[in-house]
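# Structure at a glance
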Amino acid sequence: MDIPSLTIDSIRKGLLARQFSATELAGEALRFAEGENPKTGAYLHFSPERALAAAARVDERIARGEDPGRLAGVPVAVKDVIVTKGLRTTCGSKLLANYIPPYDATAIVRLEQAGGVIVGKTNCDEFAMGSSNENSAFGPVRNPVAPDRVPGGSSGGSAAAVAQGTAVVSLGSDTGGSVRQPASFCGVVGVTPTYGRVSRYGLTAFASSLDHIGPFSRSVKDSATVLGVIAGRDAADSTSATAPVPDYASLLDGNVKGLKLGLPVEYLKDLTGESGELIARGVEKLKTLGCEVREISLPATDYAIACYYIIATAEASSNLARYDGVRYTVRSGHSDTLADMYRNTRGENFGAECKRRIMLGTYVLSAGYYDAYYLKAQKVRALIARDFARAFEQVDAIVAPVSPFPAFQLGEKVDDPVAMYLSDIFTITGSLAGIPCMSLPCGKTAEGLPVGMQVLTRHFDETTMFRVADAFEKAGAV
Amino acid sequence: MSSSASVAPSAEVISRYEPVIGLEVHVQLSTATKIFCGCPTSFGAPPNTNVCPVCLGHPGALPVLNRAAVELAILGALSLNCQVRAHSRFARKNYFYPDLPKGYQISQYDEPLAEHGFVDIVVDGAARRIGVTRVHMEDDAGKSVHDGFKDSDRYSYVDLNRSGTPLIEIVSEPDMRSSEEAYAYLTEMKQVLQFMEVSTCDMEKGHLRCDANVSVRLKGAEKFGTKAEVKNLNSFRFLKQALDFEIVRQIALIESGGRVVQETRLYNPDLDETFTMRSKEDAHDYRYFPEPDLVPLRIGDEWLAEVRAAMPELPSRKRARFVELGLREYDAEVLTQTRAASEYFEVAAGVSGDAKTTANWVMGDLMGTLKGEGKEIGDSPVRPEHLGELVKLIAAGELSGKLAKEIFPKMFATGDAPTVIIEREGLKQISDSGALEKIIADVIAGNPKQVEQYKGGKTTVINFLVGQAMKATRGQANVTVVTELFKQKLG
């Protein structure tokens, strides 16, 4: 069995034709993943017992002649910020090095109900804060395409696992680009659905009003299938949407003729070099498929980075308060007072980036600063959302770059956090607007580094987003 | 020596000052489950058993607002004459404490549930209206336990059963001008909220907690003085004592040339004094911001109307109505202390048709007996319909007061209707003159001396003769009929 070439469809066919059982597949996928992992460090830990139990359930369903589910037997990797009952969930942090959650995230429940087989938990930046996966307490992840380079972040492990072929699909989380940017760096598909489309119940919170769970895959169709499984209203998440969930995967007919696409002029002016050329060629390809492409303007873009790093850090400073040494986290062993216990536990165990963001967020929420920062940022956020709403009066989808540059060298940017923040510009705007956006492979640089293209659509119109991406993918290399 | 130990001001000095008091009251809502998860709110469960990922603050867990809690909070707000906002919002109040598992409390800040209410009180015969600034919802923290466990000298223990219990915080205007007014305000509020079954308001269980903001100023001054917040007022008595202490402390301080500093003080009931807990400089910056895990709370006209329609009559309204029924103010007050008592009375009075006599029975025999047995009126073995019947029988002359007093304990013991007991024990009043003729004749024959006295003009002797007849009938004879018969026979 050639694990890296599997798709959701090919697994389903193989299972129903009795070419292999889900249990056999799970065993082989686990062996393959464990063997390959030292090359990238994509996984933090594996879950053989859970995987084999899930596979056995799929085999039982097939034996009984029942539908084995839309993700029957599919090996799935899960970012280690999504909680899994009884299975260690570290969030890439020393604080949760020994944390065993007492419950499953809703997305996990739905994934397994559909027959998905969770093979392991993937590495990520600590509490999903970072753009290179170098902020993980458990070491970096290497890009499978270029091992001396980063896989992107924060969902670097989930992107790398799919790129490496050790999982067919994976789940990541995206707050400001943490699915789309690593998808771009690793040359896979990565999807950030509409805010509220997928329940956040069980997703460790970084910035609650921006956090999304989203899938990675090697094909557009597989991401569409996974999203169809995990999306939909969840009573456990008050912010989850009631909008009906279409069967995305069945709507991919490859026909995008007459679709109106917008190109944000504000993005293109900052995009130079090979990434810019590749995006330009991608746009040309979409034209040949019959799309009408026009320039649009998103004037508030200049304020997006500042706005994002105020809102996201404010919420993070509050969300990360619970890791205090009292309950399930590690606790510093040498403290004489309560204040010392807090100070030492958090001081010794949070990484530099988390500390930086907690301090920024605490500052912007402080008495006397709230109006100038947080409140102002919320107003800017509304302007950014309005920009998109106006653009979508003219176009059906927006096409944009994902990152100003392809995967960079490990260690290249660790000492310059601001440069790291600035590189999030193209993904952050969509996050702030809460609209669906995805990254899909758009070609490779001369060096062979993947470059992703972003497709963004109206709230809850993931269908159009997937249709554009699918047609693009079907049309072949740029 | 603390600053509070400066020379105690004289009564004359104290009388030149006017205290300004506002209260912040936390009330636990009587829901079966917590405000943001499905865990039970039951009191007294073993530590850390009524808990789940949400109220333990586990990573990824999210709050979901309990509709029943919102409805009770609305009911509470309406009972305090507040306007419920169509749009309110939850906010995070951030601070670190071991019994606060999320590192923040989910409360309401700039858009509370309800505003602009009032509570009417009467102190020393003077009616006053105390403004209620706002009512907002929030979740409670757990409890830190510092004593009574292994190694308590070195460890603190945390019980998170209470974490996530629904509360409302009721903030008053600084409208109270004496500890008596504060006492009356809290008493009235407690009664209303208990009556409406918004909360048990059981202070011992912490279902009602009170903090006070206190300042003093010279009478006639317009500006408020600097206030101190006094915490740990865990009984009505402590509230009054703490306020009295704090008022005198502040006056003494000012009189001795000092200044009141803005701070949080704790009341120590053992010493009956307040002491500094934290100064303004140490005050928390709670860094409130809108709770992103919850959608704004919208309370449309329809929902509000639903809650209003299901709202029981307010105790003040009931009180007025009872007085109109002929009850004395005091009786109306007693009978509206609890919803159960008022409802009992209303059912009984409805059956009897005699509100005043019914009130006497409820407050006298019934409440007395219940108290003796340690029972609440809600658990009364005597059903209100039955008590009403008893009063009706008396009013109709079918039962003497004396007989009724005999029957009541039997009703209490058996739960039977009075008619059933009368039937079973043959206790019906004898009013039939035919049946009484013979007894009258026997009494006359058996007491010639008294008969002689009566005929001689000492008419009061008739009472003795009536008494004899009553004795002969074991009290069942109708006194009026018997008296009338004696008069006829001897007249």
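Thresholds applied
- Each chain has its residues counted from 1, following the order in which its sequence is written.
- The lettering of chains begins at A and the numbering of ligands begins at 1, in the order of writing.
- At least 70 in pLDDT is required for a residue's local features to be given in this predicted model, at least 80 for side-chain atom pairs to be given and counted, and no such filter applies to totals for whole chains, interfaces and linings, which use all residues.
- To get the side-chain values, take all heavy atoms of the structure and skip hydrogens and water.
- By definition, any uninterrupted DSSP run of H or I lasting at least four residues is a helix, any uninterrupted run of E lasting at least two residues is a strand, and each is numbered from the N terminus.
- Each radius of gyration is computed over the set of C-alpha atoms, and the globule rule expresses the reference value as 2.2 Å times the number of residues to the power 0.38.
- The rule is simple: take the accessible area with a 1.4 Å probe, protein chains only, and divide by the maximum for that residue type; under 20% is buried, over 50% is exposed, in between is partly exposed.
- It only takes one pair of heavy atoms within 4.5 Å for two residues to be counted as in contact.
- Methods summary: accessible areas were calculated by the Shrake-Rupley approach with a probe of 1.4 Å, and residue burial reflects only the protein chains presented.
- Positive charge is attributed to Lys and Arg, negative charge to Asp and Glu, and no charge count is given to His or to the chain ends.
- Charge placement uses NZ in Lys and CZ in Arg. For Asp and Glu, CG and CD serve respectively.
- Simply put, an axis is a line fit to the C-alpha atoms, just over the touching stretch for a helix, and the angle between two N-to-C directions goes from 0 to 180 degrees.
- To sort the angles, those under 35 degrees are grouped as roughly parallel, those over 145 as roughly antiparallel, those from 65 to 115 as roughly perpendicular, and the leftovers as oblique.
- Here a crossing is taken to be left-handed if its near helix is turned anticlockwise relative to the far helix by less than a right angle, and right-handed if that turn runs clockwise.
- Any residue that is not Ala, Val, Leu, Ile, Met, Phe, Trp, Tyr, Cys, Pro, Asp, Glu, Lys or Arg is counted as polar, Gly included; the first ten are nonpolar and the last four charged.
- Paired strands, in this sense, are two strands between which DSSP finds at least two bridges.
- Throughout this description, the term salt bridge denotes a Lys or Arg side-chain nitrogen within 4 Å of a carboxyl oxygen of Asp or Glu.
- Ring pairs are drawn from Phe, Tyr and Trp, using the six-membered ring of Trp, whenever the two centres fall within 6.5 Å, and their geometry is named by plane angle: stacked under 30 degrees, edge-to-face over 60, tilted for the rest.
- The rule for a charge over a ring is simple: NZ of Lys or CZ of Arg within 6 Å of the ring centre, and within 35 degrees of the ring normal.
- The quantity reported as buried area is the accessible area (1.4 Å probe) lost by two parts once they are put together, taken as the sum for both.
- As used here, the term nonpolar core means buried Ala, Val, Leu, Ile, Met, Phe, Trp, Tyr and Cys residues forming a set that is joined through side-chain atoms within 4.5 Å.

### Concerning the overall build of chain B
Counting secondary structure elements, chain B contains 16 helices and 16 strands. Taken over C-alpha atoms, the radius of gyration comes to 31 Å for chain B, far larger than the 23 Å a tight globule of 491 residues would show. For the C-alpha atoms alone, the extent of chain B along its principal axes is close to 95 × 60 × 55 Å. Counting the 491 residues in chain B, one finds 50% classified as buried. Sequence separation of at least 24 residues holds for 69% of the intrachain contacts in chain B that already meet a minimum separation of 6. About 22,900 Å² of surface is accessible on chain B, with carbon and sulfur atoms providing 52% of the total. Between the mean site of the 58 positive side-chain charges and the mean site of the 68 negative ones, chain B shows a separation of 3 Å.

### So, the packing of helix α9 (residues 355-373) of chain B against helix α11 (residues 401-414) of chain B
Residue and element names in this part refer to chain B. As a packed pair, α9 and α11 sit with axes 12 Å apart at the nearest point and diverge in direction by 40°. What the angle tells us is that α9 and α11 run oblique. You can see that α9 and α11 cross each other, and the crossing is right-handed. The segment α9 lies against α11, with W361, D365, L366, T369, L370 and E373 engaging A404, K405, F408 and F412. Looking at the contact of α9 with α11 residue by residue, the class counts come to 6 nonpolar, 1 polar and 3 charged.

### As for the sheet that holds strand β10 (residues 437-444) of chain A
Residues and elements named next belong to chain A. One open sheet holds the 11 strands; their spatial order is β1-β3-β2-β4-β6-β5-β10-β11-β9-β7-β8, and the pairing between them is mixed. The open sheet has two edge strands, β1 (43-46) and β8 (292-296), and neither has a second partner. When strand polarity is set aside, the average angle formed by the axes of neighbouring strands in this sheet is 30°. Bridging between strand β9 (residues 397-401) and strand β11 (residues 450-457) involves 5 bridges; their strand directions are antiparallel.

### Remarks on the pattern of salt bridges
A complete count under the given rule lists 62 salt bridges over all chains for this structure. For the salt bridge of E333(B) with R319(B), the shortest nitrogen-to-oxygen distance reads 3.9 Å. Note that E333(B) is positioned in helix α7 (residues 329-335) and R319(B) in helix α6 (residues 315-324), a separation of 14 residues in sequence. Residue classification places R319(B) among the buried residues on the basis of a relative accessible area of 15%. Close ionic contact of D442(B) with K438(B) constitutes a salt bridge, the shortest N to O distance being 3.0 Å. A residue pair is termed a helical-turn pair when its members lie 3 or 4 positions apart in one helix, as D442(B) and K438(B) do in helix α13 (residues 433-446) at 4 residues. Overall, the relative accessible area of 43% leaves D442(B) in the partly exposed class. We classify K438(B) as exposed; its relative accessible area is 57%. Through salt bridges with shared partners, a single ionic network connects R200(A), D237(A), R92(B), E291(B) and D293(B).

### Considerations on the packing of aromatic side chains
Per the counting criterion, the structure on display carries 29 aromatic pairs over all chains. Both rings, one in Y95(B) and one in Y286(B), keep their centres 5.8 Å apart while their planes meet at 75°; by these two values the pair is edge-to-face. Highlighted residues: Y95(B) in the loop between β4 (90-94) and β5 (104-108) and Y286(B) in the loop between β14 (273-279) and β15 (289-290), separated in sequence by 191 residues. Plain terms: the ring middles of F238(B) and Y267(B) are 5.8 Å apart, the flat faces sit at 55° to each other, and that makes the pair tilted. Here F238(B), found in helix α4 (residues 236-255), pairs with Y267(B), found in strand β13 (residues 263-268); they are 29 residues apart in sequence, far enough to count as distant. Here F238(B) and Y267(B) have matching classes, each one buried. Put simply, the rings of Y99(A), F127(A), Y323(A), Y328(A) and F350(A) pair up and form one aromatic cluster. Above the ring of W303(B), the side-chain terminus of R67(B) is found at 4.2 Å from the ring centroid. One residue, K93(B), lies across the ring of Y286(B), its end atom 4.4 Å from the ring centre.

### Regarding the interface of chain B and chain A
Contact residues are listed per partner, giving 31 residues for chain B and 39 residues for chain A. Across the chain B to chain A interface the summed buried area is about 2,700 Å²; carbon plus sulfur atoms make up 58%. Per-residue buried area on chain B facing chain A is highest for P59(B), F96(B) and R287(B); these three make up 23% of the total on that side. Summed over the shared surface of chain B and chain A, the result is 1 salt bridge. Of the residues belonging to the side of chain B that touches chain A, the class tally is 21 nonpolar, 5 polar and 5 charged.

### Regarding the packing of helix α7 (residues 220-230) of chain A against helix α16 (residues 462-474) of chain A
All names here are of chain A. Two elements in contact, α7 and α16, have axes separated by 9 Å at closest approach and are oriented at 160°. In terms of orientation, α7 lies roughly antiparallel with respect to α16. For the pair α7 and α16, contact is made by V220, S223, A224 and L227 and by E462, F466, A469, D470 and E473, respectively. Broken down by class, the residue content of the contact of α7 with α16 amounts to 5 nonpolar, 1 polar and 3 charged.

### Topic: the nonpolar core
One finds I230(A), F388(A), F466(A), L23(B), M137(B), I170(B) and Y185(B) to be the most contacted residues of the largest nonpolar core, which totals 213 residues. For this core, the leading source of residues is helix α10 (residues 304-319) of chain A, giving 10 residues. Leave out the neighbours within four places in its chain, and F466(A) touches V191(A), V220(A), S223(A), A224(A), L227(A), Y248(A), L252(A) and M438(A). With 30 residues, the next largest nonpolar core counts V362(B), L387(B), A404(B) and M411(B) among its residues.

### Observations concerning unusual backbone geometry
G153(A) connects to S154(A) through a cis peptide bond whose omega is 5°. Of note, the phi angle at E197(B) is positive, near 60°, even though the residue is not glycine. Mapping E197(B) onto the fold places it in the loop between α3 (179-195) and β11 (208-218). One non-glycine residue, N232(B), adopts positive backbone phi at about 70°.

### So, the sheet that holds β5(B)
Two orientations exist for strands paired in a sheet by backbone hydrogen bonds: parallel and antiparallel. Strand order across the open sheet formed by 3 strands is β5-β4-β15 (chain B), with antiparallel pairing between neighbours. Edge positions in the sheet fall to β5 and β15 of chain B, since each of these pairs with one other strand and no more. The sheet contact formed by β4(B) and β15(B) spans 2 bridges and is antiparallel. Within the sheet, the bridge partner assigned to R92(B) lies in β15(B) and is F289(B). Across the sheet, α10(A) touches β4, β5 and β15 of chain B, and the angle it forms with β4(B) is around 65°.

### Focus: the side chain of R339(B)
Tracing the sequence through the fold places R339(B) in helix α8 (residues 339-352). Among the residues examined, R339(B) registers a relative accessible area of 16% and is labelled buried.

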